[in-house]
Amino acid sequence: MSTNLEARVKAFVASATMTDPERLTPETTLFGDLGTDGADGWELIEAFGKEFEVDLSRFDASKHFGPEASGNPLAMLHWFIEEFLLRRDPHEVWGLSPITIGDLIEAAERKEWLK
């Protein structure tokens, strides 16, 4: 893995999510750790694909990002109970496959999405 490519991917994600790049590791997840979900998640991946020339034809946003809750009180209550009170992994709670910074680095290296 190229450290230059890793730094570029981290800088891209940091900029897109308004996160300190020093906080990002290859294990950092877009949804669980950075809260990127719904249309914001798809927009980030789409911009990532353009920036790093990654073929996203196999990418299925519904596997990785849930629908935006839009302030739905039942969804917010479910989220609070499952994630905060029961301390469950948000990907498990919502039935989503995580995307890590490492996944993005690998996709940028290969120039295609395989996950």
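Scroll up to find the structure.
Draft legend 1. Structural detail: the overall build of the protein. In terms of helices and strands, the protein carries six helices and zero strands. When the elements of the protein are put in sequence order from the N terminus, they spell out α-α-α-α-α-α. At a minimum sequence separation of 6, the contacts of the protein that also span at least 24 residues come to 64%. Accessible surface, the protein as shown: approximately 6800 Å² in total, 53% of it carbon and sulfur.

Draft legend 2. Quick peek at the packing of helix α2 (residues 38-52) against helix α6 (residues 101-110). Between α2 and α6, whose axes approach to 10 Å, the crossing angle comes to 35 degrees. Viewed along their axes, α2 and α6 form a crossing whose handedness is right-handed. Listed contacts from α6 to I45, F48 and F52 of α2 are L104, A107 and A108. Its residues placed into classes, the contact of α2 with α6 shows six nonpolar, no polar and no charged.

Draft legend 3. Broad picture of the nonpolar core. Core analysis: the largest hydrophobic core is formed by 23 residues, its most contacted members being V9, V13, L30, I45, F48 and L104. Those residues in contact with V13 that sit more than four places away from it in its chain are L24, L30, L34, I101 and L104.

Draft legend 4. The arrangement of the packing of aromatic side chains in detail. The full count for this structure, using the stated rule, is six aromatic pairs. Judged by centre distance (5.4 Å) and plane angle (20 degrees), the rings of W42 and F59 are stacked. Highlighted residues: W42 in helix α2 and F59 in the loop between α2 and α3 (61-64), separated in sequence by 17 residues. Between F48 and F52, the aromatic rings sit 5.1 Å apart at their centres with planes inclined by 35 degrees, giving tilted as the arrangement. On the criterion of helical spacing, the pair formed by F48 and F52 is a turn pair, its members being four residues apart in helix α2.

Draft legend 5. Local environment of the side chain of T28. Along the chain, the position of T28 falls in the loop between α1 (3-17) and α2. With relative accessibility at 8%, the residue T28 sits in the buried group. At 2.9 Å, the side chain of T28 forms a polar contact with the backbone nitrogen of T25. Setting aside its immediate chain neighbours within four residues, T28 contacts R23, D33, L34, I99, T100 and I101.

About the cut-offs
Residues numbered from 1 in each chain as written. Predicted model: local features only at pLDDT ≥ 70, side-chain atom pairs only at ≥ 80, totals over all residues. Heavy atoms only, no water. Helix = DSSP H or I, 4+ residues; strand = E, 2+ residues; numbered from the N terminus. Contact = heavy atoms within 4.5 Å. Areas by Shrake-Rupley, 256 points an atom, 1.4 Å probe, with all protein chains shown as cover. Axes fitted to C-alpha atoms, helices over the stretch in contact; angles between N-to-C directions. Left-handed = near helix turned anticlockwise from the far one by under 90°. Nonpolar A, V, L, I, M, F, W, Y, C, P; charged D, E, K, R; others polar. Core = buried A, V, L, I, M, F, W, Y, C linked by side-chain atoms within 4.5 Å. Buried < 20%, exposed > 50% of the residue type's maximum accessible area, 1.4 Å probe, protein only. Phe/Tyr/Trp six-rings, centres within 6.5 Å; stacked < 30°, edge-to-face > 60°. Polar contact = N/O pair within 3.5 Å; in protein donor to acceptor, adjacent residues only side chain to side chain.

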